[in-house]
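# Observations on the model geometry
As a plain string of letters, each chain reads:
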Amino acid sequence: MSETKVTSPAIVRFAPSPTGRIHIGNARTALFNQLFAWQFDGRFVLRFDDTDVERSREEFAASIVTDLAWLGIKPDVVVRQSQRVALYEAAAARLRAAGRLYPCYETPDELDRRRKRQQARGLPPVYDRAALHLTDADRAALEAEGRRPHWRFRLDPGDVTWEDLVRGHCHADAGSLSDPVLVREDDSFLYTLPSVVDDLDLGITHVIRGEDHVTNTAVQLQIFAALGDGRPAPRFAHHNLLTTASGEGLSKRSGALSLTSLREHGIEALAVAALAVLTGTSAAVHPVASLAELVALFDLGHVSRTSAKFDEAELEVLSARTLHILPLAAIEERLAALGITRAAAIDLDAFWLAVRGNLAQLADARLWWQVVTGPITPLVEDADLLAAASAALPQGPLDGTSWKTWTDSLKAATGRKGKALYHPLRLALTGHESGPDLAALLPLIGPQKAALRLAGKTG
Ligand code: GLU
């Protein structure tokens with residue numbers, strides 16, 4: 001997309017607050033950033049917005065790192081806002097010195113009453129900047145009353161514009177906004193200023209975030225201008241937010257869709273990634289066998305400007321369909337963790353190709369591994385047929401053609417065909433009513449175990 005105009009290298013950031021577990025909607029933001037960084041040879045910064053000491057917890061920061069790694073995201077840099085407060089203080093001091101940050105003493109109640117009066121008079125509820133008119137003596141008197149100031153950023157009037165990489169030309173009239181509070185009474189910072197300070201300090205070139213932040217952008221662009229020493233502000237891209245099929249937004253409290261819980265339920269990370277990235281774009285949601293496929297498909301310009309609804313039920317299906325297309329190389333380590341390894345005398349490539357299409361979850365592979373390695377107890381439905389089958393079993397090693405040769409000769413010998421022939425064989429050879437293609441399973445089971453099972457013996 002030519003419009004993207006990437007300054008090389010792109011430096012992006014994903015900036016969660018570690019106040020809960022991240023969900024599939026956060027995965028969308030994280031992956032958009034990561035895919036973009038990969039596309040433009042860039043770097044991915046993980047920034048923990050942990051200035052809210054009450055709600056931020058180390059365990060959530062750790063779970064975010066784990067969840068991102070599960071998705072396939074390994075940040076190039078990790079920073080924590082709680083360790084960067086000196087930078088924010090220096091920036092606030094600069095803004096104060098420039099007259100852009102001014103002390104205000106109104107209590108929330110006073111502000112509320114003022115807003116109500118404005119509304120009653122048909123005026124927009126914008127902060128009236130009364131505090132700008134306080135004299136030194138007024139301020140001293142207010143402080144003598146025990147009041148502590150909070151600090152607002154004085155916006156420049158006028159239209160703030162930016163070319164959003166998703167939403168196109170955007171603008172906001174700064175004159176219609178309240179001067180935002182950047183520093184609270186207790187000297188702690190709201191999100192607005194630290195985010196800009198970090199974006200400048202870390203050289204962020206593209207801010208890719210949810211459209212719930214569009215309303216912060218005009219303010220932040222003015223702060224970039226005030227602190228940037230002539231450096232350009234990053235490019236912005238505000239993407240639509242994932243909502244459930246019923247249109248509800250996701251929050252850190254919607255635990256079922258947390259990445260941790262999806263992982264624990266055996267959902268494939270690539271299915272989460274495909275759904276998180278492709279929903280609400282011009283590409284259809286479909287399974288992918290690697291993040292590289294998503295890199296090739298991803299384009300901020302193809303993200304819809306309307307909603308991104310997804311159906312939770314789609315995840316399980318997509319997860320199964322993902323397994324069905326994964327090559328062995330992509331799954332071998334995880335199979336080994338299930339005890340399915342090359343060490344056994346089974347052709348692992350052939351095993352994976354035989355069973356992957358039958359898996360709802362990867363853990364189901366264990367069942368078929370048991371079937372091919374044994375022992376299993378056969379189910380004997382038709383002993384006569386099994387005896388004939390045993391007699392007709394090809395001698396020597398079995399291969400991909402053995403099943404057809406064998407069942408053709410059985411058809412001729414017994415007159416059986418279709419289910420009446422195949423089902424008793426399946427029950428005996430696998431101990432299961434249904435499963436992978438027997439032509440592929442038979443060579444994996446091998447002649448000895450097949451003979452035992454056809455004789456009704458555990459093998
Ligand atoms: N901590 C903010 C959030 O989680 C980051 C917003 C941003 O990307 O600027 O929404």
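That block above? That's the structure.
What this report covers is the structure whose coordinates are included nearby. (Residues numbered from 1 in each chain as written. Predicted model: local features only at pLDDT ≥ 70, side-chain atom pairs only at ≥ 80, totals over all residues. Heavy atoms only, no water.)

### Comments concerning the nonpolar core
I24, F351, W352 and W406 are the most contacted members of the largest nonpolar core, which has 91 residues in total. Ranked by residue count, the leading element in this core is helix α9 (residues 269–278), at 9 residues. Setting aside chain neighbours within four positions, we find W352 in contact with L323, L326, P327, L328, I331, L335, L359 and L362. Membership of the second largest hydrophobic core comes to 34 residues, among which are I11, Y88, W162 and L221. (Core = buried A, V, L, I, M, F, W, Y, C linked by side-chain atoms within 4.5 Å. Buried < 20%, exposed > 50% of the residue type's maximum accessible area, 1.4 Å probe, protein only. Helix = DSSP H or I, 4+ residues; strand = E, 2+ residues; numbered from the N terminus. Contact = heavy atoms within 4.5 Å.)

### Brief notes about the layout of surface pockets
Computed from the structure, the second largest pocket encloses a volume of approximately 450 Å³. Lining the second largest pocket are 21 residues, with W70, E268, A269, I331 and R334 positioned closest to its centre. Elements that contribute at least two residues to the lining of the second largest pocket include exactly α2 (58–71), α9 and α12 (328–337). Counting residues per element, the lining of the second largest pocket draws most heavily on α12, which supplies 4 residues. Looking at the lining of the second largest pocket residue by residue, the class counts come to 14 nonpolar, 4 polar and 3 charged. (1 Å grid on protein atoms, 1.4 Å probe; cavity = no way out; pocket = protein on both sides within 12 Å on 5 of 7 lines; lining within 4 Å. Points joined across faces, edges and corners; volume = space filled by probe spheres on them. Nonpolar A, V, L, I, M, F, W, Y, C, P; charged D, E, K, R; others polar.)

### Examining the packing of helix α13 (residues 348–355) against helix α18 (residues 438–454)
Where α13 contacts α18, the axes come no closer than 9 Å and their chain directions differ by 150 degrees. For the element pair α13 and α18, the recorded crossing hand is left-handed. Each of A350, F351, A354 and V355 in α13 lies in contact with α18, whose residues at this interface are A440, L441 and L444. Looking at the contact of α13 with α18 residue by residue, the classes come out as 7 nonpolar, no polar and no charged. (Axes fitted to C-alpha atoms, helices over the stretch in contact; angles between N-to-C directions. Left-handed = near helix turned anticlockwise from the far one by under 90°.)

### Quick notes on the site of the ligand
Near the ligand, the surroundings consist of R13, A15, S17, D49, Y191, S195, R209 and H213. One nitrogen or oxygen atom from the main chain of A15 is found 2.7 Å from a nitrogen atom belonging to the ligand. Contact between the ligand and D49: a nitrogen atom at 2.6 Å from a side-chain N or O atom of the residue. Contact with the protein chains covers 80% of the free accessible surface of the ligand, which is 300 Å². In terms of residue class, the shell around the ligand is built from 2 nonpolar, 3 polar and 3 charged. (Near = heavy atom within 4 Å. Polar contact = N/O pair within 3.5 Å; in protein donor to acceptor, adjacent residues only side chain to side chain. Areas by Shrake-Rupley, 256 points an atom, 1.4 Å probe, with all protein chains shown as cover.)

### Things to note about the environment of L429
With respect to the helices, strands and loops of the structure, L429 is situated in helix α17 (residues 418–430). A relative accessible area of 1% places L429 in the buried class. With 52 residues separating them along the chain, L429 and T377 place their C-alpha atoms 8.9 Å apart. Dropping the residues within four chain positions of it, L429 is found in contact with V371, I376, W403, W406, L442, I445, A450, R453 and L454.

### Some remarks on the sheet that holds strand β8 (residues 181–183)
In space, the 3 strands of this open sheet follow the order β4-β5-β8, with antiparallel pairing throughout. In this open sheet, the two strands that pair with only one neighbour each are β4 (101–104) and β8. With direction set aside, neighbouring strand axes in the sheet form an average angle of 45 degrees. Where β4 meets strand β5 (residues 150–153), 4 bridges bridge the pair, whose relative direction is antiparallel. For P103, the partnering residue across the bridge sits in β5 and is W151. (Pairing = 2+ DSSP bridges.)

### Things to note about the side chain of H423
On the secondary structure map, H423 appears in helix α17. In contact with H423, other than residues within four places in its own chain, are E381 and E433.

### Describing the packing of helix α15 (residues 383–392) against α17
Relative orientation of the contacting elements α15 and α17 amounts to 80 degrees, with a least axis distance of 10 Å. Judged by the angle between their axes, α15 and α17 are roughly perpendicular. Of the residues in α17, those in contact with L385, L386 and A389 of α15 are A420, L421, P424, L425 and A428. Partitioning the contact of α15 with α17 into residue classes produces 8 nonpolar, no polar and no charged. (Parallel < 35°, antiparallel > 145°, perpendicular 65-115°, else oblique.)

Treat this as a map of the structure, not an account of what it does.
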